[in-house]
Amino acid sequence: MTARMGVGIRMTQKWYGTFVVAGLAHGGSAAQSGQVWMHDVVFAVDGKELQGLSMEHAASLMTGEEGTLAHLTLLRGEHQQHRVEVHLPRKPLVRGAPLPVFGVGLGLEPCASGALVNQVTEGGAAAQAGVLSVGDLVTVIDGESVVGWSVSRLRDRVLGAFGSDVRFG
């Protein structure tokens with residue numbers, strides 16, 4: 001039996017059934033390609049749409065025999081208006097390899113009241129501080145209300161300049 005390989009994408013499933021890139025495995029073909037971005041929506045794998053599938057089923061579509069290509073259709077942009085086709089080789093992944101952490105390691109999703117925390121990356125400053133958890137509501141960043149902010153504005157503020165502080169409320 002041939003071992004099954006992957007492309008090094010960690011996904012999270014939104015409540016409405018779509019799958020979003022939540023992390024890239026160091027050394028995985030997705031990270032090495034530079035074509036897959038955090039928060040991309042993984043719309044289809046090898047022509048099969050993922051909307052409404054279980055996490056296990058969606059993840060199984062990314063795996064295959066080593067060297068075979070996974071054809072991903074990604075949706076990108078604040079309103080997923082950009083369609084990106086990516087062809088990535090499946091290969092072995094190093095278990096336990098650290099995922100690169102950018103910014104404070106926090107994923108935010110806009111909502112009517114501000115922004116909901118949808119990811120706290122292990123090893124990131126947010127996880128180390130232990131103050132925010134998935135599902136928490138953020139209403140203020142650096143003293144400024146985030147009500148009405150776009151995903152890209154939230155991301156840019158959380159990423160900030162290297163070594164800068166970010167204050168949440």
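Everything below is about the structure shown above.
Residues numbered from 1 in each chain as written. Predicted model: local features only at pLDDT ≥ 70, side-chain atom pairs only at ≥ 80, totals over all residues. Heavy atoms only, no water.

Details of helix α2 (residues 55–62)
Those residues of α2 not exposed but buried are A58, L61 and M62. Buried residues of α2, viewed axially, fall in a sector of 110 degrees; they line one side. (Buried < 20%, exposed > 50% of the residue type's maximum accessible area, 1.4 Å probe, protein only. Helix = DSSP H or I, 4+ residues; strand = E, 2+ residues; numbered from the N terminus. Arc of directions from axis to C-beta.)

Quick word on empty space enclosed by the protein
For the structure on display, the rule yields one cavity of 30 Å³ or more. Its boundaries defined by the atoms lining it, the largest cavity holds a volume of some 40 Å³. Among the secondary structure elements, those contributing two or more residues to the lining of the largest cavity are β3 (19–24) and β10 (114–120). Ranked by the residues each element gives to the lining of the largest cavity, the list is headed by β3, at three residues. Split by residue class, the lining of the largest cavity holds three nonpolar, four polar and one charged. (1 Å grid on protein atoms, 1.4 Å probe; cavity = no way out; pocket = protein on both sides within 12 Å on 5 of 7 lines; lining within 4 Å. Points joined across faces, edges and corners; volume = space filled by probe spheres on them. Nonpolar A, V, L, I, M, F, W, Y, C, P; charged D, E, K, R; others polar.)

Points about the nonpolar core
Counting 21 residues, the largest nonpolar core has I9, M11, V36, V42, L50, M62 and L72 as its most contacted members. Residues within four places of M11 in sequence aside, it is in contact with F19, V20, A22, V42, L50, M55, A58, A59 and M62. Of all hydrophobic cores here, the second largest spans 14 residues; its members include A126, V146, W149 and V166. (Core = buried A, V, L, I, M, F, W, Y, C linked by side-chain atoms within 4.5 Å. Contact = heavy atoms within 4.5 Å.)

Thoughts on the sheet that holds strand β9 (residues 106–111)
Sheet architecture is open: three strands sit in the order β9-β10-β11, paired in antiparallel fashion. Each edge of the open sheet carries a strand with a single partner, namely β9 and β11 (137–138). In terms of strand pairing, β9 meets β10 through six bridges, oriented antiparallel. Bridge assignment links E109 to a residue of β10, and that residue is L116. (Pairing = 2+ DSSP bridges.)

Structural notes on the environment of G107
Tracing the backbone shows G107 in strand β9. Each C-alpha atom, one on G107 and one on N118, is 5.3 Å from the other, the two residues being 11 residues apart in sequence. Once you skip the residues sitting within four places of it in the chain, G107 turns out to touch L116, V117, N118 and Q119.

Some remarks on the pairing of strand β8 (residues 82–89)
For strand β7 (residues 69–76) and β8, the ladder comprises eight bridges, and the chain directions are antiparallel. By the bridge assignment, H71 is partnered in β8 with H87. Linkage of β7 to β8, two consecutive antiparallel strands, is achieved through a turn of five residues, within which G77 is found at a positive phi near 110 degrees.

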